[in-house]
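Working through the structure, step by step
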Amino acid sequence: MKITLSVLVFFGLVGLMGCQQEEGLAIQEAPLSLSFSHKANNDVLQLGKPIVNPFGEPYTISNFTYYISHFSLVTENNTRVDLPVSYHLIGEKQASSKKIALMAPAGNYKAIRLMIGIDSSRNVSGVQTGALDPANGMFWTWNTGYIFAKLEGKSSVSPAPLQNVTYHIGGFATPDNAIRMVELPLPEVLRLRAGGQPSIALEANIDAWFNGKKPVRIAQEAFSMNPGPLAVKISENYATMFSVIKVNN
């Protein structure tokens, strides 16, 4: 009887220690804040203010809006850590939309990844709410899906009616897939710790819409309102519009 009791006590202690070890190995989560700012022609973006694109074409912007989703962080040893999927609609007209609060595993990171646009499954998932609510004006139809990014304005060189400049970029099906994944190196290591308040400041430069991999001139291509070759071309360009300007640990 004594031997049996000793054995039970022994295994009970082992089990308790194992549980404590598992609890000690639990992944801690830490808050992470992202802020977005916009500029054009090396100046802070101001809606309605005359600006010039990289090809010397004058224009004004009345609307600049885009979707960001599918965040990941890259560790110092190049491991990618995917964060819970979330969807965010950033708009120059809505100052509050330019700040995002995330939760991520504690650790040190050297880069951030994000998607510009909405993944294919959500494009065909029926009526949705929040950032994905069609009432936000960023949805075409169930066949063509979401508008991933909008740039609207006017230009004296635009051949479109009323000299409008209208770029509504979207499309999730091959060959017109405009979804873009972007990885951005951080200027210094991001250190996420429980109880901390770290932040990353990102900047989007609208010049990239015109002067990226494939030049887009307003005088020649001022209008895109459906998936297709021009939307793909512009999406390849604006995939380079983001940069990280500051990390606060």
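**Overview of the packing of aromatic side chains**
- Evaluation of the coordinates by the stated rule reveals ten aromatic pairs.
- Considering the side-chain rings of phenylalanine 139 and tyrosine 146, the 4.7 Å spacing of their centres and the 75 degrees angle between planes classify their relative orientation as edge-to-face.
- Here tyrosine 146 falls in the buried class, since its relative accessible area comes to 0%.
- Here the aromatic residues Phe36, Phe64, Tyr66, Trp209, Tyr238 and Phe242 are joined through ring pairs into a cluster of three or more.

**Focus: the pairing of strand β12 (residues 199–205)**
- Most of β12 is tucked away: seven of the seven residues are buried.
- In β12, alternate side chains face the same way, and those of Ser199, Ala201, Glu203 and Asn205 on one face and Ile200, Leu202 and Ala204 on the other are all buried.
- Where strand β1 (residues 29–40) lies against β12, seven bridges are found, and the strand directions are parallel. Looking at β12, one finds that serine 37 is bridged to glutamate 203.
- In terms of strand pairing, β12 meets strand β14 (residues 242–248) through six bridges, oriented antiparallel. Across the sheet, residue alanine 201 finds its bridge partner in β14, namely lysine 246.

**Some words on the environment of alanine 111**
- Take alanine 111: it is sitting in strand β8 (residues 107–116).
- It is 9.1 Å that separates the C-alpha atoms of alanine 111 and glutamate 188, two residues lying 77 residues apart in sequence.
- Contact partners of alanine 111, with chain neighbours within four places excluded, come to Ser72, Leu73, Val74, Glu183, Leu184, Pro185 and Leu186.

**A short note on the nonpolar core**
- The biggest cluster of nonpolar side chains holds 68 residues, and the ones touching the most others in it are Leu34, Tyr167, Ile206, Trp209 and Phe242.
- If sequence neighbours within four positions are ignored, leucine 34 has contacts with Phe71, Lys98, Lys99, Ile100, Leu102, Ile112, Ile200 and Leu202.

**A word on the pairing of strand β4 (residues 58–75)**
- Along β4, 14 of the 18 residues are buried, which leaves the element largely enclosed by surrounding structure.
- Across two bridges, the pairing between strand β3 (residues 51–52) and β4 is antiparallel. Of the residues in β4, the one forming a bridge with isoleucine 51 is tyrosine 59.
- Between β3 and the antiparallel strand that follows it, β4, lie five residues; glycine 56 among them carries a positive phi value of about 80 degrees.
- The pairing of β4 with strand β9 (residues 147–154) spans six bridges and is classified as antiparallel. Along β9, the bridge assignment pairs phenylalanine 64 with leucine 151.
- As defined by bridge partners, β4 adjoins strand β6 (residues 87–91) across five bridges and the pair is classed as antiparallel. Counterpart to tyrosine 66 in the pairing with β6 is isoleucine 90.
- Where β4 and β8 come together, six bridges link them in antiparallel fashion.

**Focus: the side chain of lysine 150**
- Tracing the backbone shows lysine 150 in strand β9.
- Glutamate 152 provides the closest opposite charge to the buried, salt-bridge-free lysine 150, at an N-O distance of 4.3 Å.
- Reaching out from lysine 150, the side chain makes a polar contact with the backbone oxygen of glycine 137 at a distance of 2.7 Å.
- Setting aside residues no more than four positions away along its own chain, lysine 150 makes contact with Asn63, Phe64, Thr65, Gly137, Met138, Tyr167, His168 and Trp209.

**Focus: the confidence of the model for the protein chain**
- Confidence in the prediction for the protein chain averages 90 pLDDT; 89% of positions are at 70 or higher.
- Counted against residues more than four places away or in other chains, residues 1–24, with its pLDDT under 50, gives zero contacts.

Definitions and limits used
Residues numbered from 1 in each chain as written. Predicted model: local features only at pLDDT ≥ 70, side-chain atom pairs only at ≥ 80, totals over all residues. Heavy atoms only, no water. Phe/Tyr/Trp six-rings, centres within 6.5 Å; stacked < 30°, edge-to-face > 60°. Buried < 20%, exposed > 50% of the residue type's maximum accessible area, 1.4 Å probe, protein only. Helix = DSSP H or I, 4+ residues; strand = E, 2+ residues; numbered from the N terminus. Pairing = 2+ DSSP bridges. Contact = heavy atoms within 4.5 Å. Core = buried A, V, L, I, M, F, W, Y, C linked by side-chain atoms within 4.5 Å. Lys, Arg positive; Asp, Glu negative; His and termini not counted. Salt bridge = Lys/Arg side-chain N within 4 Å of Asp/Glu carboxyl O. Polar contact = N/O pair within 3.5 Å; in protein donor to acceptor, adjacent residues only side chain to side chain. pLDDT = per-residue confidence, 0-100.

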